[in-house]
Amino acid sequence: MSRIVILGAGISGHTTARWLGKWLGEKQPAEQHEVVVVSPNEKWNWIPSNIWVGVGEMTEKQVTFPLAPVYKKMGVTFKQAKAVSIHPEGGDGSESPYVTFEYTDAARAGQTETLSYDYLVNATGPKLNFGATPGLGPDDGYTTSVCTPSHALHANEELQANIAAMQRGETRTFVIGTGHGMCTCQGAAFEYIYNIEHMFRDKGVRDKARIIWISNEYELGDFGMGGVHIKRGGYITNGKVFAESLMVERGMEWIVRAAVKRVEPGKIHYELLDGTEHELAFDFAMLIPPFAGQPLKAYDKDGSDISSEVFAPNGFMKVDGDYTPKPYEQWSKADWPKTYQTPKFKNVFAIGIAFAPPHLISKPMQSPNGTPINPTPPRTGMPAATIGKAVAANICDLINGAAEPTHTASMAEMGAACVASTGMHIFKGSAATMTVYPVVPDYETYPEYGRDMNLTFGEIGLAGHWLKYILHHVFIYQAKLRPGWSLLPH
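Figured I'd write up the structure that's included with this text. Since the structure is predicted, the reported quantities are computational estimates derived from the model, not experimental observations.

Topic: the layout of surface pockets
If you add up the space inside the second largest pocket, you get close to 620 Å³. Surrounding the second largest pocket, 34 residues form its lining, Gly226, Tyr328, Ile361, Pro441 and Tyr443 being those nearest its centre. When its residues are assigned to classes, the lining of the second largest pocket shows 15 nonpolar, 10 polar and 9 charged.

Here you go:
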């Protein structure tokens, strides 16, 4: 019998769990193996739809569901707990590797437990590192967020209060974007800014709102992917032109190459790539925080801390990528991990946001003051699910006698589709629909643009909104393991 422990139940971890449950149950009697999911959250959250919660177009119930009943149905053990430490060599009297975790459910909150494993998958996702920017965030700061359902509900409360003020004739300034010089997930902020603008028009208060985008991108449309060229209407369009055109059409202002340094009540302090310091007054701000790895520790058999060997300095787990520091000009698609297996411990994998990228995708930049101002690599959504499924397949094959992983999922060899909402309404809504292939530019194969232009394209319109709304229901249906779930796209 093999026990597979998955730390985290987000998009990547839940994908791995459901495929392991399906494949192990099909290929041999399920009782021969055990899949255990350890997650601090009681519910699964379809994070892309949090932006609709943040504008009051969806409720928390529409974007979440309880995990325990789903896992019970597929024979997966679920523990509502947060991982504390990894012991890949065993120790403390145990010859088997094990993890330590702390329960977060009401009945056992604070109790710790250890669990041995044959295979471990780190899918712990990001720590929302609001503390990296003083004054950032909804808890200890002065800005809102849509990173979790509770954050999105709070953002909507603040948003509605500002809409009410505009309906009374007052003017308001809204600042949306990234809250640090090294943020990722610009796409969530991109969707949010267009959704609030759409709502202002719908409420008849657009003339009372000044809307400003602030981002660490070198140019609009970078999204942490080094920019993108898209085929649109038979022509190749620079992503910068595409994004700027949308901003101009909606009457928005933008500030790029910016690192938010601190936030005070009603005031954002930021530094530009040229080293100059500026202030920006606001009435409402939704700024995405930087991500860090979860505070996991790793110990060897003797109890010595080996966290620096297992994790990168930012807390993400090192896998089979090439982490050798090298100049931007020497970056290669071969640097990117393929199997997500850790180098020293072949039964340990890291997936989704939990794995450490070997380097940025966008060109690294810093101000004359030494402040890094560049997006970090996105690893959410479709890539996270693709990686999770590949790791599940590899674990099944290893259990069945394979000497090495047999499936790969390099971000330099996979495509991704993104449907970004720019306003929710069945008749007046719209969304920007884009595909890129590959996610990490490959200038060796595609020397002009780094991507296959026959598979990299984008459009915006009402059909995109319908598609995003349909996909919301498709992915939640799939995540709940409804009949035929494995036939649906991931």
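Here the narrative resumes.
Observations concerning the sheet that holds strand β11 (residues 209-214)
Hydrogen bonds between backbone groups are what pair the strands of a sheet, and the pairing can be parallel or antiparallel. Read from one edge of the open sheet, 4 strands run β14-β11-β10-β18, paired in parallel fashion. With partners counted over all chains shown, the strands left at the sheet margins are β14 (253-255) and β18 (284-288), one partner each. Direction aside, the axes of adjacent strands within the sheet are offset by 15° on average. For strand β10 (residues 172-178) and β18, the ladder comprises 5 bridges, and the chain directions are parallel. Bridge pairing in β18 places phenylalanine 174 opposite phenylalanine 284. Packing of helix α5 (residues 149-167) onto the sheet brings it into contact with β10, β11 and β18, and relative to β10 it is tilted by some 150°. Sheet contacts for helix α6 (residues 186-203): β10, β11 and β18; angle to β11, the most-contacted strand, approximately 170°.

Focus: α5
With 19 residues, α5 should reach 27 Å at 1.5 Å per residue; the first-to-last C-alpha distance of 27 Å fits that figure. Of all the positions in α5, only Pro149, His151, Ala152, Ala155, Asn156, Leu159, Asn162, Ile163, Ala165 and Met166 are classed as buried. A positive backbone phi angle near 105° is found at glycine 169, which sits one or two residues after α5.

Looking at the packing of aromatic side chains
The full count for this structure, using the stated rule, is 15 aromatic pairs. Between tyrosine 192 and phenylalanine 284, the aromatic rings sit 6.4 Å apart at their centres with planes inclined by 25°, giving stacked as the arrangement. Of this pair, tyrosine 192 sits in helix α6 while phenylalanine 284 sits in strand β18, placing them 92 residues apart in sequence. Across the pair, exposure class does not vary: tyrosine 192 and phenylalanine 284 are buried alike. Taken together, Trp44, Trp46, Phe65 and Phe475 form an aromatic cluster joined through their ring pairs. One Lys or Arg, arginine 108, reaches over the ring of tyrosine 103 and ends 3.9 Å from the middle of that ring. For the cation-ring pair, lysine 468 lies above tryptophan 52, with the distance from its terminal atom to the ring centre recorded as 5.8 Å.

Reading guide: rules and limits
- Residues numbered from 1 in each chain as written.
- Predicted model: local features only at pLDDT ≥ 70, side-chain atom pairs only at ≥ 80, totals over all residues.
- Heavy atoms only, no water.
- 1 Å grid on protein atoms, 1.4 Å probe; cavity = no way out; pocket = protein on both sides within 12 Å on 5 of 7 lines; lining within 4 Å.
- Points joined across faces, edges and corners; volume = space filled by probe spheres on them.
- Nonpolar A, V, L, I, M, F, W, Y, C, P; charged D, E, K, R; others polar.
- Pairing = 2+ DSSP bridges.
- Helix = DSSP H or I, 4+ residues; strand = E, 2+ residues; numbered from the N terminus.
- Axes fitted to C-alpha atoms, helices over the stretch in contact; angles between N-to-C directions.
- Contact = heavy atoms within 4.5 Å.
- Expected span 1.5 Å × (residues − 1).
- Buried < 20%, exposed > 50% of the residue type's maximum accessible area, 1.4 Å probe, protein only.
- Phe/Tyr/Trp six-rings, centres within 6.5 Å; stacked < 30°, edge-to-face > 60°.
- Lys NZ or Arg CZ within 6 Å of the ring centre and 35° of its normal.

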